[in-house]
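# Summary of structural features
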Amino acid sequence: MSDSSLYPIHLLMDELKSEDVVLRLSSIRRLSTIALALGPQRTRDELIPFLQDQLDDEDEVLLVLAEELGGFAEYVGGKEHAWCILGPLENLAAVEETLVRDKAAESISKITVLLSAPVLDQHFLPLLRRLCQGDWFTSRTSACALFAAPYPTAAPETQTEMRRMFATLVSDDTPMVRRAAAKALGPFAKAAAKVNGQHNILISEIIPLYRKLAADDQDSVRLLTIPDLIALAQNLSAAETKDHLLEPLRVSVSDKSWRVRYMVANEFVALAEAVGDGIVREELVGAFAGLLKDNEAEVRTAGAGQIPGFAKLVDREVILARFLPCITDLSTDSSQHVRAALATQISGLAPLLGTDATVQHLLPMFLALLKDDFSEVRLNLISKLEQVNNVIGIDRLSQALLPAIMELAEDKQWRVRQAIIEYIPLLATQLGVQFFDDKLGTLCMSWLGDTVFSIREAATINLKRLTDVFGVDWARTTIIPKVLAMGEHPNYLFRMTTIFAITTMATSLNVQIIRDTVLDAALQLASDPIPNIRFNVAKCLETLAGVLAGSPEGQEIVGRKVVPALKKLQEDTDADVRYFATKAFERTTGDDFQRGEPMVLS
């Protein structure tokens with residue numbers, strides 16, 4: 001064996017013994033390269049055993065190792081040899097750090113999918129037994145996640161033993177293991193449902209495990225059984241669901257722990273879709289109304305997030321009679337988080353109720369929420385108004401909307417002002433050009449003079465998006481004159497904003513508008529006394545030239561106006577101006593010059 005063939009493994013050994021964690025991480029991330037250099041045979045014979053002995057390391061190194069090994073099958077010779085990776089992964093699945101164990105379990109699942117039934121019997125099943133019987137809860141916890149992936153491929157006798165082992169984990173003395181079992185039961189049930197002839201096993205073996213976990217004395221276990229209930233219901237008929245799952249469902253909905261009720265509320269739409277129309281009508285309508293009135297704000301918040309999704313599954317009369325009183329109470333809830341969640345979802349009811357009911361019942365709630373003291377409530381409502389607009393029309397909506405927008409636009413917190421700016425293009429699309437010009441145009445221009453840079457930057461991006469919505473002709477007559485007028489302002493920040501706005505809007509404009517308006521304004525600012533403005537003019541000219549280069553007329557303008565201006569800026573007294581001008585000149589006159597993109601300027 002030559003010295004060169006030993007080099008990769010020796011290098012890895014040296015780096016993994018280094019005291020520098022960054023170097024050890026780097027070497028683990030290069031494992032695939034080292035495996036390629038060694039070849040499949042030596043990777044199996046040398047690299048894998050070496051890695052199995054190198055598990056006494058920092059958690060972050062072990063985490064990367066667990067992740068790398070999950071995709072290692074091709075480097076050890078493909079599916080028939082993939083089992084040899086299970087050794088180091090088994091050790092990783094038993095370490096103390098949860099993230100490492102979870103990643104190791106995920107990687108073992110990836111490997112087991114590749115294995116045939118005989119190989120699973122020979123190599124995976126003994127591993128699973130060892131983990132399930134481990135003295136420490138860590139290995140038993142990891143074992144719970146390993147059943148679903150290989151189950152459909154395993155031989156019938158192996159499947160029987162796997163179900164027996166899983167049942168043992170469900171009854172484990174340690175709550176952490178039972179939590180892991182509850183988390184894994186849903187995927188395991190789906191895997192069992194895929195196997196022909198095992199439908200009865202779902203009812204006779206899997207459902208009793210679910211019921212045991214759903215009645216656990218630890219609420220941290222019970223709350224994890226809600227996704228299991230959904231997975232089981234999806235694979236049972238309506239009659240079977242009613243016979244076997246209805247009682248535990250009732251218990252979960254009224255559980256004494258708010259965390260379990262929160263989980264039910266958070267998954268309510270998926271739960272309703274899984275159990276079928278009969279149980280929805282008979283049981284879940286009342287249960288949902290109860291969750292919306294729950295004593296705990298977190299449960300009400302989760303329930304509010306499910307309102308439109310669940311409302312689609314019931315009749316309009318049920319929404320009006322059973323849900324609207326609860327929703328009215330939520331709109332004045334003492335918790336701002338409940339009101340914020342409701343504001344995000346309430347507009348989804350408008351298409352379900354129709355015009356008259358929306359005006360009669362929802363519009364008063366909109367008005368109340370638009371005047372809410374908590375800015376997030378107002379923002380959430382404004383961001384979802386399109387559905388309401390489609391149902392009741394702009395006239396009714398705008399009377400309520402405008403005061404709220406004005407108030408948010410002048411909020412003392414700049415992040416609130418920034419958030420409303422980002423919603424303006426959406427509102428413009430929903431409300432139309434006439435409403436925008438009459439009510440919001442002046443407001444959008446005022447943001448360009450805000451004292452906070454992030455607001456000014458967001459305002460320039462806003463103008464580009466509005467140009468995309470309303471078209472370049474609108475921009476030419478409505479906003480470009482106002483932007484260019486700021487270029488003559490005595491305060492240099494206003495002049496800088498003009499350059500930023502031109503640069504950002506450039507790709508939404510056409511050659512005629514650039515030629516007739518913005519180019520001359522940019523060239524005029526090229527002689528500004530402030531160097532920051534001059535070098536941003538250089539950046540701006542580069543972007544404008546990129547747009548102009550798309551047509552013969554534009555190329556002529558670049559040669560006649562842009563290139564001479566950049567040459568002049570290359571001779572500027574300021575080093576930064578010369579640097580950006582030279583860079584822009586090279587890109588503008590180079591052979592590889594392409595259409596410009598808007599820049600984020602600083």
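Predicted model, so just to flag it, every value in this text is computed and none were measured.

The rules behind these values
Residues numbered from 1 in each chain as written. Predicted model: local features only at pLDDT ≥ 70, side-chain atom pairs only at ≥ 80, totals over all residues. Heavy atoms only, no water. Helix = DSSP H or I, 4+ residues; strand = E, 2+ residues; numbered from the N terminus. Rg over C-alpha atoms; globule rule 2.2 N^0.38 Å. Buried < 20%, exposed > 50% of the residue type's maximum accessible area, 1.4 Å probe, protein only. Contact = heavy atoms within 4.5 Å. Areas by Shrake-Rupley, 256 points an atom, 1.4 Å probe, with all protein chains shown as cover. Lys, Arg positive; Asp, Glu negative; His and termini not counted. Charge placed at Lys NZ, Arg CZ, Asp CG, Glu CD. UniProt positions renumbered as here; feature names shortened; annotations may be inferred. Salt bridge = Lys/Arg side-chain N within 4 Å of Asp/Glu carboxyl O. 1 Å grid on protein atoms, 1.4 Å probe; cavity = no way out; pocket = protein on both sides within 12 Å on 5 of 7 lines; lining within 4 Å. Points joined across faces, edges and corners; volume = space filled by probe spheres on them. Axes fitted to C-alpha atoms, helices over the stretch in contact; angles between N-to-C directions. Parallel < 35°, antiparallel > 145°, perpendicular 65-115°, else oblique. Nonpolar A, V, L, I, M, F, W, Y, C, P; charged D, E, K, R; others polar. Phe/Tyr/Trp six-rings, centres within 6.5 Å; stacked < 30°, edge-to-face > 60°. Lys NZ or Arg CZ within 6 Å of the ring centre and 35° of its normal.

## Observations concerning the overall build of the protein
- When helices and strands are tallied, the protein shows 38 helices and zero strands.
- For 602 residues, the compact-globule estimate of 2.2 N^0.38 gives 25 Å, and the protein exceeds it by more than 25% at 32 Å.
- Projected onto its principal axes, the C-alpha positions of the protein cover 85 × 80 × 40 Å.
- Residues classed as buried in the protein amount to 54% of the 602 residues present.
- Contacts spanning at least 24 positions in sequence make up 69% of the contacts within the protein whose residues lie at least 6 apart.
- By element, 50% of the accessible surface of the protein is carried by carbon and sulfur atoms, the whole surface being about 26800 Å².
- Of the charged side chains in the protein, 60 are positive and 80 negative; the average position of the first set lies 3 Å away from that of the second.

## Focus: the UniProt feature "repeat: HEAT" (unreviewed entry) in the protein
- Here the UniProt feature "repeat: HEAT" (unreviewed entry) sits at residues 206–244, 245–283, 284–322, 323–361, 362–399 and 401–439.
- In residues 284–322, helix accounts for 74% and strand for 0%; the two terminal C-alpha atoms are 12 Å from one another.

## A word on the pattern of salt bridges
- One pass over the full model with this rule turns up 25 salt bridges.
- Residue Asp219 is joined to Arg259 by a salt bridge in which the shortest nitrogen-to-oxygen separation is 3.3 Å. Here Asp219, found in helix α13 (residues 219–222), pairs with Arg259, found in helix α17 (residues 258–266); they are 40 residues apart in sequence, far enough to count as distant.
- Judged by its relative accessible area of 36%, Arg259 falls in the partly exposed class.

## What about helix α23 (residues 336–345)?
- When we look at burial in α23, the residues that qualify are Val338, Arg339, Ala340, Ala341, Leu342 and Ala343.
- Residues of α23 that are buried make contact with α20 (297–304), α21 (307–311), α22 (316–331), α25 (355–370) and α26 (375–382).

## Section: the layout of surface pockets
- Put simply, the largest pocket is a space of about 440 Å³.
- Along its surface, the largest pocket is lined by 21 residues, and Asp102, Thr141, Ala145, Ala180 and Lys183 are the ones closest to its centre.
- Of all the secondary structure elements, the ones that give two or more residues to the lining of the largest pocket are α7 (98–112), α9 (137–144) and α11 (175–194).
- Per element, the largest residue contribution to the lining of the largest pocket is seven residues, and it comes from α11.

## Side note on the packing of helix α19 (residues 277–292) against α22
- The N-to-C vectors of α19 and α22 enclose an angle of 10°; their axes lie 9 Å apart at closest approach. Regarding the angle of α19 to α22, the classification is roughly parallel. Counting all contacts with α19, which are made through Val285, Gly286, Phe288, Ala289 and Leu292, the residues of α22 involved are Val318, Arg322, Phe323, Cys326 and Leu330.
- Classifying every residue of the contact of α19 with α22 by side-chain character gives eight nonpolar, one polar and one charged.

## Regarding the environment of Phe436
- Within the secondary structure, Phe436 is located in helix α30 (residues 433–447).
- Given the relative accessible area of 1%, Phe436 is considered buried.
- Placed 50 residues apart in sequence, Phe436 and Met486 show a C-alpha to C-alpha distance of 21 Å.
- When near neighbours in sequence (up to four residues on either side) are disregarded, Phe436 contacts Ile424, Ala428, Gly441, Cys444, Leu466, Phe470 and Trp474.

## Section: the packing of aromatic side chains
- Under the criterion given, the structure shown has 14 aromatic pairs.
- Aromatic pair Phe147 and Phe188: ring centres 5.7 Å apart, planes at 55°, arrangement tilted. Taken together, the residues Phe147 in the loop between α9 and α10 (156–170) and Phe188 in helix α11 connect sequence positions 41 residues apart. In terms of burial, Phe147 and Phe188 fall into one category: buried.
- Within the aromatic cluster, the residues linked to one another by ring pairs are Phe147, Tyr151, Phe166 and Phe188.
- We note Lys539 situated over the ring of Phe580; from NZ or CZ to the ring centre the distance is 4.5 Å.

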